[in-house]
Amino acid sequence: MQLKGVNAAPGLVMGPCLVLEEIHHPDFTHHSIADDLLEEEKNKVRIALDLAEKQLTAIRDRASAAGLEEQAAVMDAHLMMLGDPILTEGFLTSVESEHLPAVGAVQKGISAQADIFESLEDAYFRERAQDIRDIGRRLVNLLLGIEEPDISSLPEALILIARDITPSMMASVDTKNLLGIVAEIGGKTSHTAILANNMGIPAVLGCHDVVSVAKSQPSGARIAVDGSSGLVHIGLTDEMADSLRAEAERRAAVKASLAVLKDQPTVTKDGVHVQLAANVMGPGDVEKVLAVGGEGVGLYRTEFLFMDRDKAPDEEEQYLSYRTMIEGLGGKPVIIRTMDIGGDKSVDYLNIAKEENPFLGYRALRICLERDDLFLTQLRAILRAAVHGQALVMFPMVSSLDELRAAKAKVEQAKEQLKLRGETYADDIKVGIMIEIPSAAVIADVLIQEADFFSIGSNDLTQYTLAVDRMNEKISYLYNSFHPAMLRLIKSVIEPARAAGGDKFAGMCGEMAGDPRATLVLLGLGLQEFSVGPSGLLRIRKIITSVDFSYAKSVADKALTLGTAAEIEAYLAEALPEELKAFMV
Ligand code: PEP
Ligand code: MG
């Protein structure tokens, strides 16, 4: 059987799958048990506490052995809470005096304790509510005999299937054994897709019914995920498996043929150089960038350093990460984007209230400009790290000149603080902005007077320009970066940056920059820097180095006259030289 979803990260893989089911715990806090069952239920509580302790200790030890000290510390904290007699005796008392079953007693005790933590002034204690609920979830699972798979260590190489695979699951999953992912939720530029792209893991998202279809297969059944076409094949016959394997080999050969471009400059046939950089999540990606001859880092998404943990990294930890990245790039430029939390990237310990429209809400720079504790700490870490190579700082989600000025004032304030501390820092650091909100694109000529560079965030720019939520698979057919409005906006951002001259430049770090269908038109519009996921970098170099800039310009001029996304896409497919078509997957 074949299902179609959104082609979120390229690559064709085959293997067994692990289906993560959503677990809903029924509420047992209103159940009542007979007198003669009280002892039995109390015993169940004791056994669950004992098993939970064993599980937590095992996870803690595994994390420690793997050098994951943060994760080990969280498990230690959970163990401490689990050993708190106020909590555990409370469960037993509830069984005894309120005649609650073991599960109901745990649910009631956990919820009361979490409510107390949540009502406290101190942010640190408020954050503990989350830990208490985690412990409760573990105990209830044990009492109900529900097994929640631990994706941080997968038993074999497999494809992960779930209704939702969140960015934080991607940050913690066992990548060694992860062949591919399929989820019912998410679109092409959801952060799960972006992470999968950066990690080189094939992904199909927005794939309706995949959980129930996969579950209906006999255990051990193989599935195939084609992240390039968005197709998921479930219940493969031997014949299908053979033909997919041949296709995977063909694509691998095309990819391997690109390796010769690794050390070549990204120059068009008629001599125009563009900077071809990579998007990264952290120092762990340095090797991948160097392996493909990336000319720098065009987007370092620092928010991933803030995720999947229970408190923000301090200045020293951030400094070390940024320094490792900068030194790893050995003098090539690294654009460090300040944290872009919000939208689909949530961070529990920041206690950001749920919003109706998180992508239009309290996000990124909007949070930073209110939270000196987070923003100044990050800026100081970047300024200190920047003396170890070539680093630039970039702000996400700028919508006005006021915000750019406010953010730049914070950079100056961070420098003052470092000066007072007697630290060395990069006083002359370049400060740029993402252009991902239409208001910023429209006033690009004004913004470039006070910004050193632009990087077009086509992922958000598309969703805000077209009013199409980038996460919503129901309307994903409307999410299209080839819309004529996008081409015009991109042109209106590039032109003033080029006209400003000097070292100023306009780049792009959204997914469109790594889409081979867009390379000709972006090149022709005069884009000076492309920043793309490392795994797709060489095919962009292949296209740029195989054409003349003058040809790309004529293609862009023509594309700008067309009235629909479909016409533009069809024209660009036709305009791509025949010998480059093999590189489109
Ligand atoms: C973008 O919006 O294009 C971008 C690069 O930022 P992010 O995808 O992290 O929102
Ligand atoms: Mg963005």
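Here the structure is a predicted model, which is why all the values come from computation and not from measurement.

1. Some thoughts on the overall build of the protein chain
- Of the regular secondary structure elements, the protein chain holds 22 helices and 16 strands.
- The C-alpha atoms of the protein chain give 26 Å as radius of gyration, which agrees with the globular expectation for 585 residues (25 Å, within 12%).
- Viewed in the frame of its principal axes, the protein chain has a C-alpha envelope of about 90 × 70 × 40 Å.
- Put simply, of all contacts in the protein chain between residues at least 6 apart along the chain, 70% involve residues at least 24 apart.
- For the protein chain, the exposed area adds up to about 24800 Å²; of that, 53% sits on carbon and sulfur atoms.

2. Things to note about the coordination of the magnesium ion (ligand 2)
- For the magnesium ion (ligand 2), the full set of protein donor atoms is Glu 436 (OE) and Asp 460 (OD), at a range of 2.0 to 2.1 Å. Of this pair, Glu 436 sits in the loop between strand 13 (430-435) and helix 15 (438-442) while Asp 460 sits in helix 17 (residues 458-466), and the two are 24 residues apart along the sequence. Assigned by exposure class, Glu 436 and Asp 460 land together as buried.

3. Regarding the sheet that holds strand 12 (residues 391-395)
- The strand order 9-10-11-12-13-14-15-16 describes a closed barrel built from 8 strands, whose pairing is parallel. Across the sheet, the mean angle from the axis of one strand to that of its neighbour is 25°, orientation sign disregarded.
- The sheet contact formed by strand 13 and strand 14 (residues 453-456) spans 3 bridges and is parallel. In the sheet register, Ile 435 faces strand 14, and the bridge partner there is Ile 456.

4. Side note on the pairing of strand 11 (residues 334-337)
- Taking every second residue as pointing to the same face, both faces of strand 11 are buried, with Val 334 and Ile 336 on one and Ile 335 and Arg 337 on the other.
- Two strands pair when backbone bridges link them, and strand 10 (residues 297-301) and strand 11 are joined in this way by 3 bridges, in the parallel orientation. Across the sheet, the residue bridging to Tyr 300 is Ile 336, located in strand 11.
- With helix 11 (residues 315-328) bridging strand 10 and the parallel strand 11, this β-α-β connection has right-handed handedness.
- For strand 11 and strand 12, the ladder comprises 4 bridges, and the chain directions are parallel. The partner of Val 334 across the bridge, within strand 12, is Ala 391.

5. Things to note about the packing of helix 17 against helix 18 (residues 484-500)
- For the pair helix 17 and helix 18, interaxial distance at closest approach is 10 Å and the crossing angle is 125°. The angle between the axes of helix 17 and helix 18 places the two elements in the oblique class. Of the two elements, helix 17 crosses helix 18, and the hand of that crossing is right-handed. Residues Ser 458, Leu 461, Thr 462 and Thr 465 of helix 17 touch helix 18, and the partners they reach there are Ala 485, Met 486 and Leu 489.
- By residue class, the composition of the contact of helix 17 with helix 18 is 4 nonpolar, 3 polar and no charged.

6. Quick look at the packing of aromatic side chains
- The full count for this structure, using the stated rule, is 3 aromatic pairs.
- Both rings, one in Phe 375 and one in Phe 395, keep their centres 6.0 Å apart while their planes meet at 65°; by these two values the pair is edge-to-face. You can see Phe 375 sitting in helix 13 (residues 372-385) and its partner Phe 395 sitting in strand 12, a full 20 residues away along the chain. Across the pair, Phe 395 and Phe 375 agree in class, each one buried.
- A ring pair is formed by Phe 453 and Phe 505, whose centres lie 5.1 Å apart and whose planes are at 5°; its orientation type is stacked. Here Phe 453 is found in strand 14, whereas its partner Phe 505 is found in strand 15 (residues 505-508), with 52 residues between them in sequence.
- The buried category is assigned to Phe 453, whose relative accessible area is 0%.

7. Digging into helix 22 (residues 565-575)
- Listing the buried residues of helix 22 in full gives Ala 565, Ile 568, Tyr 571, Leu 572 and Ala 575. Down the axis of helix 22, the sector holding all buried residues measures 130°, keeping them to one side. Within helix 22, the exposed residues directed more than 90 degrees away from the buried face are Ala 566 and Glu 574.
- Residues of helix 22 that are buried in the fold lie against helix 18, helix 19 (519-524) and helix 21 (549-559).

8. Observations regarding the domain arrangement of the protein chain
- Each assigned domain of the protein chain is listed here: domain 1 (2-22 + 150-237), domain 2 (35-144) and domain 3 (261-551).
- Inter-centroid distance (C-alpha atoms) of domain 2 to domain 3 is 41 Å.

9. Description of the sheet that holds strand 1 (residues 2-4)
- Sheet architecture is open: 8 strands sit in the order 1-8-7-3-4-5-6-2, paired in mixed fashion. Edge strands, defined here as strands with exactly one partner in the open sheet, are strand 1 and strand 2 (6-9). On average, each strand axis in the sheet is inclined to that of its neighbour by 30°, with strand direction left out of account.
- Bridge count between strand 7 (residues 222-226) and strand 8 (residues 231-234): 4 bridges; the pairing is antiparallel. If you follow Asp 226 over to strand 8, its bridge partner there is Leu 231.
- Sheet contacts for helix 7 (residues 191-199): strand 2, strand 5 (178-183) and strand 6 (203-205); angle to strand 2, the most-contacted strand, approximately 50°.

10. Comments concerning the layout of surface pockets
- Here the second largest pocket defines a volume of roughly 830 Å³.
- Lining the second largest pocket we find 39 residues, and of these Asn 7, Lys 188, Glu 511, Asp 515 and Arg 517 sit closest to its centre.
- Contributions of two or more residues to the lining of the second largest pocket are made by strand 2, helix 17 and strand 16 (529-532).
- In terms of residue class, the lining of the second largest pocket is made up of 12 nonpolar, 19 polar and 8 charged.
- Taken domain by domain, the lining of the second largest pocket gets at least three of its residues from each of domain 1 (2-22 + 150-237) and domain 3 (261-551).

11. A word on the packing of helix 11 against helix 13
- Orientation of helix 11 relative to helix 13, taken along the N-to-C sense of each, is 40°, at an axis distance of 8 Å. Here helix 11 lies oblique to helix 13, going by the angle between them. Handedness of the helix 11/helix 13 crossing: right-handed. Facing Glu 315, Glu 316, Gln 318, Tyr 319, Tyr 322, Arg 323 and Ile 326 of helix 11, the residues of helix 13 in contact are Thr 377, Gln 378, Arg 380, Ala 381, Ile 382, Arg 384 and Ala 385.

12. Description of the environment of Cys 207
- Checked against the element boundaries, Cys 207 lands in the loop between strand 6 and helix 8 (210-215).
- Cys 207 sits in the buried class, given a relative accessible area of 0%.
- For the pair Cys 207 and Ala 573, spaced 366 residues apart in sequence, the C-alpha to C-alpha distance is 26 Å.

Rules used in this analysis
- Residues numbered from 1 in each chain as written.
- Chains lettered and ligands numbered in written order.
- Predicted model: local features only at pLDDT ≥ 70, side-chain atom pairs only at ≥ 80, totals over all residues.
- Heavy atoms only, no water.
- Helix = DSSP H or I, 4+ residues; strand = E, 2+ residues; numbered from the N terminus.
- Rg over C-alpha atoms; globule rule 2.2 N^0.38 Å.
- Contact = heavy atoms within 4.5 Å.
- Areas by Shrake-Rupley, 256 points an atom, 1.4 Å probe, with all protein chains shown as cover.
- Donors = N, O, S within 2.8 Å, 3.2 Å for Na, K, Ca; no water.
- Buried < 20%, exposed > 50% of the residue type's maximum accessible area, 1.4 Å probe, protein only.
- Pairing = 2+ DSSP bridges.
- Axes fitted to C-alpha atoms, helices over the stretch in contact; angles between N-to-C directions.
- Right-handed = clockwise from strand over helix to strand, strands pointing away.
- Parallel < 35°, antiparallel > 145°, perpendicular 65-115°, else oblique.
- Left-handed = near helix turned anticlockwise from the far one by under 90°.
- Nonpolar A, V, L, I, M, F, W, Y, C, P; charged D, E, K, R; others polar.
- Phe/Tyr/Trp six-rings, centres within 6.5 Å; stacked < 30°, edge-to-face > 60°.
- Arc of directions from axis to C-beta.
- Domains from an automatic or database assignment.
- 1 Å grid on protein atoms, 1.4 Å probe; cavity = no way out; pocket = protein on both sides within 12 Å on 5 of 7 lines; lining within 4 Å.
- Points joined across faces, edges and corners; volume = space filled by probe spheres on them.

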